[in-house]
Amino acid sequence: MAGMVSLFRGQRDVARARLVLPALLIAVLIIAVMAGCAAAEDGGGADPFPLSDEIMADADGYLILVNTENLLTSTDKPADLVNVSARKTSSTAIQMREPVSLALSALFDAAKEDGLTLYIHSGYRSYQTQRDMFALRMERLGYDDKMVQRAGASDHQTGMGADVINKALIGQRFGESFGGTKEGLWLAERCAEFGFVIRYPKDKVGVTGIEYEPWHLRYVGLEAARYMTDAGVTLEELWEQWEAYQAGEWVGAYSPGAAGSIEPFIVDDGELIIGE
Ligand SMILES: [Zn+2]
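Conventions adopted
- Residues numbered from 1 in each chain as written.
- Predicted model: local features only at pLDDT ≥ 70, side-chain atom pairs only at ≥ 80, totals over all residues.
- Core = buried A, V, L, I, M, F, W, Y, C linked by C-beta atoms within 7 Å.
- Buried ≥ 20, exposed ≤ 12 C-beta atoms within 10 Å, placed from the backbone.
- Helix = DSSP H or I, 4+ residues; strand = E, 2+ residues; numbered from the N terminus.
- Contact = placed C-beta atoms within 7 Å.
- Pairing = 2+ DSSP bridges.
- Expected span 1.5 Å × (residues − 1).
- pLDDT = per-residue confidence, 0-100.
- Axes fitted to C-alpha atoms, helices over the stretch in contact; angles between N-to-C directions.

Student: So, the nonpolar core: which residues are in play, and what are the values?
Tutor: In a soluble, globular protein the nonpolar side chains are often hidden away together inside. Leu104, Cys191, Phe196 and Val220 are the most contacted members of the largest nonpolar core, which totals 47 residues. Breaking this core down by element, the ones donating at least two residues are α4 (98–113), β4 (161–165), β5 (196–198), β6 (216–219), α8 (222–231) and α9 (235–246). Here the element with the most residues in this core is α4; it accounts for 7 residues. In this view, Leu104 contacts Val84, Ala86, Met96, Ile120 and Ala162; residues no more than four positions away in its chain are not counted.

Below is the structure:
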């Protein structure tokens, strides 16, 4: 307001004001432009989503979310199931989607290099198998203890969920103590390098609705596995975040962390390319 008053003091002041005013105006404009740029950089959901649109479009179906609220149907069956060649807990054939089977073999090989022997106990399960398993469990217990999912709700029906254990657990009841074994710890630390995540983490029981299962790996692809592991995000949360992003409510809280050092392998047309 002081500047306004001075304008009425006399001719000399007016002349000076003629010089000062444009300078002030330019300064104000510069500040406004700078402020505008800063606002565009850190606000308004302008941060990119940590996974590309292409990955989130999920053409390969690697990110499919299956739980009690997102059920598969009795006819949902992956078209690319193969018998896994990774070491099994019994001679019974186990099927998984082909890229997942390759990734699993690479994972087992890497564990072997570190002196650890892993076994796959369970892979793809059909809707019908899951229905029978659930019925049997209910018959035996008389109630749903949530350890066996009902038909359509199992991650195993995707052909991308695998129960991976060590020798000591063969024939035993699986428990969360597996997470503290050498093999369990190794899986938690290294599985993302091969496109897998621990599907039901210990601190996410409230999100997944399923008890901690350190043996249940789920293939989601390399980039998603890296992000989900690094950020501590479940599949449920990934899709929630994506919805928020689509709605313009993404806050961009994620910044690349420790998992940035991962050197993943890539399954490309059925071939393994290590270190890309
Ligand atoms: Zn499982």
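Student: Can you tell me about the environment of Gln130, naming the residues and giving the values?
Tutor: With respect to the secondary-structure elements, Gln130 resides in helix α5 (residues 127–141). With 21 C-beta atoms packed within 10 Å, Gln130 lands in the buried category. The sequence separation of Gln130 and Ser154 amounts to 24 residues, and the corresponding C-alpha distance is 7.3 Å. Residues contacting Gln130, with those up to four places away along its chain left out, are Arg125, Gln149, Ala151, Ser154, His156 and Gln157.

Student: Describe unusual backbone geometry, listing the residues and the values that go with them.
Tutor: Here the phi dihedral of Asp58 falls at roughly 55°; this positive angle occurs in a residue that is not glycine. Looking at where Asp58 falls in the secondary structure, it is placed in the loop between α3 (53–57) and β1 (81–83). Take Asp58: there are 16 C-beta atoms within 10 Å of it, and that puts it in the partly exposed class. We note that Lys146 has phi near 70°; this positive angle belongs to a residue other than glycine. Its location among the elements puts Lys146 in the loop between α5 and β4.

Student: Summarise the pairing of β4; cite the residues concerned and give the values.
Tutor: Summarising burial for β4: 4 of the 5 residues are buried, a large majority. Here 3 bridges tie strand β3 (residues 119–122) to β4, and the two strands are oriented antiparallel to one another. If you follow Ser122 over to β4, its bridge partner there is Asp163. Examined bridge by bridge, β4 and β6 share 3 bridges and lie antiparallel to one another. Bridge assignment links Asp163 to a residue of β6, and that residue is His216.

Student: How would you sum up α5? Please name residues and give values.
Tutor: In this model α5 runs 21 Å from its N-terminal to its C-terminal C-alpha over 15 residues, within 8% of the 21 Å that 1.5 Å per residue would give. Immediately beyond the C-terminal end of α5, within one or two residues, lies Gly142, with a positive phi of roughly 85°.

Student: Describe the confidence of the model for the protein chain, listing the residues and the values that go with them.
Tutor: Here the protein chain averages 83 in pLDDT, while 75% of its residues score no lower than 70. Predicted confidence is poor over residues 35–45, with pLDDT under 50, and the contacts of this stretch with residues over four places away or in other chains come to 4 contacts. Scored below 50 in pLDDT, residues 255–276 shows 31 contacts in the model against residues more than four places distant or in partner chains.

Student: Describe in detail the sheet that holds β5, supporting the description with residues and values.
Tutor: Where strands meet in a sheet, backbone hydrogen bonds hold them as pairs that are either parallel or antiparallel. Taken together, the 4 strands give an open sheet; going across it, the order is β3-β4-β6-β5, and neighbouring strands pair in antiparallel fashion. Among the strands making up the open sheet, the edge pair consists of β3 and β5. If you compare each strand with its neighbour and ignore which way they point, the axes differ by 40° on average.

Student: Quick rundown of the environment of Val66? Include the residues and the values.
Tutor: Note on placement: Val66 falls in the loop between α3 and β1. Dropping the residues within four chain positions of it, Val66 is found in contact with Leu72, Ala153, Ser154, Asp155, Gln157 and Thr158.

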